[in-house]
Amino acid sequence: MRHVELDALIPAEQAETVLHAVRRWERYPDLAPHVNATTVHASYPDPTASSSWELHFRSGLLRWTEDDTVDPAAGEIRFEQSDGDFDSFTGTWSIQQSGDDVTVRFDADFDFGIPSLEGILDPIAERVVKETVAWALTGLYPAVRIQGGIELTAPAAVGA
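Every value quoted in this text rests on a predicted model; they were computed, and no experiment measured them.

Caption draft 1: Structural detail: the pairing of strand S1 (residues 2-10). As judged from the nine bridges shared by S1 and strand S7 (residues 101-111), these two strands associate in the antiparallel manner. Bridge pairing in S7 places valine 4 opposite alanine 108. Examined bridge by bridge, S1 and strand S8 (residues 145-146) share two bridges and lie antiparallel to one another. Considered in S8, the bridge of leucine 9 is made with arginine 145.

Below you can see the structure in the form of structure tokens.
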């Protein structure tokens, strides 16, 4: 199982506004160059929210459908793959007010279920997922500060 995490600070925003901007999955193809397509099947406040994703991965596409749970009171969006290329993929967006700013934490765990290829596939998938989150936050909030020194891959190199 591989773990992905990303922390960010969005200055001078409100947590509820950020949470509702982040959950607009249909915008991600325009925000993040790794995202080929998203399809929102149902969204908040529907309790059975779900979305399908296609990310550029290696020389093809990484696909999955996830069940999404939005909990504005907790400042969380939880997701779990219901179908797709991963053996398992789950995670949480945590969006909290911190004074005048908003902290965003993205955590996810995934497993392709192919132990012999995890040394090759897992690092690439981790980078693609992390960069997708960073690109989306940067597109939504240009003043965002991504923690951990992540360097975003130029759009021309997205298929890598």
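Now that the structure has been shown, we can carry on.
Caption draft 2: The UniProt feature "domain: Coenzyme Q-binding protein COQ10 START" (unreviewed entry) in the chain, seen in detail. UniProt marks residues 15-133 with the feature "domain: Coenzyme Q-binding protein COQ10 START" (unreviewed entry), using the numbering shown here. Between the first and last C-alpha atoms of residues 15-133 the distance is 17 Å; the span itself is 24% helix and 50% strand.

Caption draft 3: Up close: unusual backbone geometry. Cis geometry marks the peptide bond from tyrosine 44 to proline 45, where omega comes out at 15 degrees. If you trace the backbone, proline 45 turns up in the loop between strand S2 (35-42) and strand S3 (50-57). Even without a glycine there, the phi angle at alanine 12 is positive, about 55 degrees. If you trace the backbone, alanine 12 turns up in the loop between S1 and helix H1 (15-22).

Parameters at a glance
Residues numbered from 1 in each chain as written. Predicted model: local features only at pLDDT ≥ 70, side-chain atom pairs only at ≥ 80, totals over all residues. Heavy atoms only, no water. Pairing = 2+ DSSP bridges. Helix = DSSP H or I, 4+ residues; strand = E, 2+ residues; numbered from the N terminus. UniProt positions renumbered as here; feature names shortened; annotations may be inferred.

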